[in-house]
Amino acid sequence: MERTLLQWRLLPLLALIAALFSIFFASPRSFQGINRCSLLPHDHYWISSKRIVTPDGLISGSVEVNGGIIVSVVKEVDWHKSQRSRVKVIDYGEAVLMPGLIDVHAHLDDPGRSEWEGFPSGTKAAAAGGITTLVDMPLNSCPSTVSPDTLKLKIEAAKNRIHVDVGFWGGLVPDNALNSSALESLLDAGVLGLKSFMCPSGINDFPMTNITHIKEGLSVLARYRRPLLVHAEIEKDSEIEEGSESDPRSYLTYLKTRPTSWEEGAIQNLLSVTGNTRIGGSAEGAHVHIVHLSDASSSLDLIKEAKGKGDSVTVETCPHYLAFSAEEIPEGDTRFKCSPPIRDAANREKLWEAMMEGDIDMLSSDHSPTKPELKLLSDGNFLKAWGGISSLQFVLPVTWSYGKKHGVTLEQVASWWSDRPSKLAGLHSKGAITVGKHADLVVWEPEAEFELDEDHPIHFKHPSISAYLGRRLSGKVVSTFVRGNLVFTEGKHASDACGSLQLAA
Ligand SMILES: NC(=O)N[C@H]1NC(=O)NC1=O
Ligand SMILES: [Zn+2]
Ligand SMILES: [Zn+2]
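Residues numbered from 1 in each chain as written. Chains lettered and ligands numbered in written order. Predicted model: local features only at pLDDT ≥ 70, side-chain atom pairs only at ≥ 80, totals over all residues. Heavy atoms only, no water.

The name recorded for the protein in an unreviewed UniProt entry is allantoinase, from Capsella rubella. Regarding the protein, the UniProt comment filed under Catalytic activity (unreviewed entry) reads as follows: "(S)-allantoin + H2O = allantoate + H(+)". The UniProt entry for the protein carries the following text under Subunit (unreviewed entry): "Homotetramer." (UniProt positions renumbered as here; feature names shortened; annotations may be inferred.)

Now the structure itself:
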């Protein structure tokens, strides 16, 4: 008797607890309360768009996301009401839905030089620009990423501070290049591949490698099937005579210090060992990727020739080489200083031609900022200022704005910025809108124009040093999703930094 009474009293209480439980933990509102990684209170939803860029071409339809993964891609005509009755549908209308960009060449400078950029600001800028994965370069942080211990410092520094996914390249330097167990331990620790310089890097603890270092590095990389990225410039006599009275504020003076023969010489030297990467060669499985090509003449011809012979070689260029020309760089405007240098307008047109022909495989930002003091903006001395372009947030609109007149298609943009980079970095769960891949997505409006003035919210640390400031661009990023989390939309970021590390297994 007593027991039944107790049950009668307990039951309503239990029901109340159950109701409260369901309100707090199951409703969309409470989901938002606990998932601070996403601005969207849903884990399972559809995204509709009239222009979805898929590997099979542009479609009008919907993409279903569940648990951070793309679980279906359906054309509009095949999309039945029943499929979407119980889940959220976000309809972006005419805005383009594309795989998120993968930037395989960014210097985030963290730890050690986070006053130059840093993981939080750099990855926020990436999210605002539709970039869903960044691969961080091993130099400009302090120390450089050249060993398992220094990689560990990167991993620690990135913890809970990255708004998009991040992977790392390790450094191939004279200290580790001829020591296969040192390289193996760095590769075992999870770097996606290695990077080396054929000329001084400008960073003391990242010395340059010679061709023997590169050859040895490739033989280790072959076993891991990971790439070597190379800054291909080699020091030759400059066209400026010592002691001459050349004006350091003139861009032409700087251009003459790094002529095309520097790129050509390095590439010639580099390609003397890439034959080993051919099928049946001693370094089969390794791959050489030439970063930030600027010279569209003999250097490019050499690369084409090597590819023709079956060498495993790819090449990237950067939006700044496609947008700017030497002729238009104002006197003393060191925001445009980078290496290799931006060359003349005729070269820029040839770079575009190579992009359209497929001779250049992909794009990367080479976002390499510094403190404004080191850009020497008031001095305007091109020979002394830090070389590096700040562009991270704008690479998509820049590619589109300057590519339009060359007839660039949305599919090409997705190939240059997502598909090819995902393959280079071995990020096989990323890079395309297909079933089973991470739901890394960008929604953007190619037709929307905006003025990059002081009122435009810029998320990288030092907007004043960006050469893009003052430009009018077309292509506005509306939303960015990283593994299903809506990390950026309508100018706002999700509050928590929930990017994940992409370490090679
Ligand atoms: N250290 C570094 O970031 N260097 C980069 N800057 C640049 O303009 N080219 C580079 O390789
Ligand atoms: Zn470089
Ligand atoms: Zn770089």
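Q: With reference to specific residues and values, describe the sheet that holds strand β13 (residues 313-317).
A: Taking strand neighbours across the sheet as the criterion, the six strands line up as β9-β10-β11-β12-β13-β14 in an open arrangement whose pairing is parallel. Either end of the sheet is taken by a strand with one partner, and the two such strands are β9 (170-171) and β14 (362-363). In this sheet, strand β12 (residues 287-290) lies alongside strand β11 (residues 227-231) in parallel orientation, the contact comprising four bridges. Residue pairing in the sheet places Pro227 in a bridge with His287 of β12. (Pairing = 2+ DSSP bridges. Helix = DSSP H or I, 4+ residues; strand = E, 2+ residues; numbered from the N terminus.)

Q: Would you mind going over helix α7 (residues 180-188) in detail, with residue names and values included?
A: Among the residues of α7, Leu183, Leu186 and Leu187 are the ones counted as buried. Here the buried residues of α7 occupy an arc of 95° about the axis, which is enough to place them on one side. In this structure, the buried side of α7 is in contact with α5 (148-158), β9, α6 (174-177), β10 (194-197) and α8 (211-224). Positioned one or two residues after α7, Gly190 has a phi angle of 115°, which is positive. (Buried < 20%, exposed > 50% of the residue type's maximum accessible area, 1.4 Å probe, protein only. Arc of directions from axis to C-beta. Contact = heavy atoms within 4.5 Å.)

Q: Any chance you could break down helix α4 (residues 119-128) for me, citing the residues and the numbers?
A: Counting along an α-helix, one turn takes 3.6 residues, and residues three or four places apart therefore face a common direction. Burial runs high along α4: eight of the 10 residues are buried. Every buried residue of α4 is accounted for by Phe119, Ser121, Gly122, Thr123, Ala125, Ala126, Ala127 and Ala128. Those residues of α4 that are buried lie in contact with β7 (131-136), α5, β8 (165-168), β16 (472-482), β17 (485-489) and β18 (492-493).

Q: Lay out the state of the cysteines with the relevant residues and their values.
A: Under the defined criterion, the tally for this structure stands at one disulfide. No disulfide involves Cys318; its sulfur sits 7.8 Å from the nearest other cysteine sulfur, which is in Cys338. What makes Cys318 buried here is its relative accessible area of 0%. (Disulfide = S-S within 2.5 Å.)

Q: For the nonpolar core, give the residues involved together with the corresponding values.
A: By size, the foremost hydrophobic cluster in this structure holds 102 residues, and its most contacted members are Met98, Leu134, Leu194, Leu218 and Ile342. The next biggest cluster of nonpolar side chains, apart from the first, holds 21 residues, and it includes Val135, Val291, Met362 and Trp386. (Core = buried A, V, L, I, M, F, W, Y, C linked by side-chain atoms within 4.5 Å.)

Q: Talk me through the site of ligand 1; I want residue IDs and the actual numbers.
A: Lining the immediate surroundings of ligand 1 are 14 residues, of which Asn140, His231, Ser339, Ser368 and Gly387 lie closest. The contact in question runs from a nitrogen atom of ligand 1 to an N or O atom on the backbone of Ser339, over 2.7 Å. Residue Ser368 places a side-chain N or O atom 2.7 Å away from an oxygen atom belonging to ligand 1. With the chains in place, 97% of the 290 Å² that ligand 1 exposes on its own is no longer accessible. Each residue belonging to the shell around ligand 1 can be placed in one class, and the counts come to four nonpolar, nine polar and one charged. (Near = heavy atom within 4 Å. Polar contact = N/O pair within 3.5 Å; in protein donor to acceptor, adjacent residues only side chain to side chain. Areas by Shrake-Rupley, 256 points an atom, 1.4 Å probe, with all protein chains shown as cover. Nonpolar A, V, L, I, M, F, W, Y, C, P; charged D, E, K, R; others polar.)

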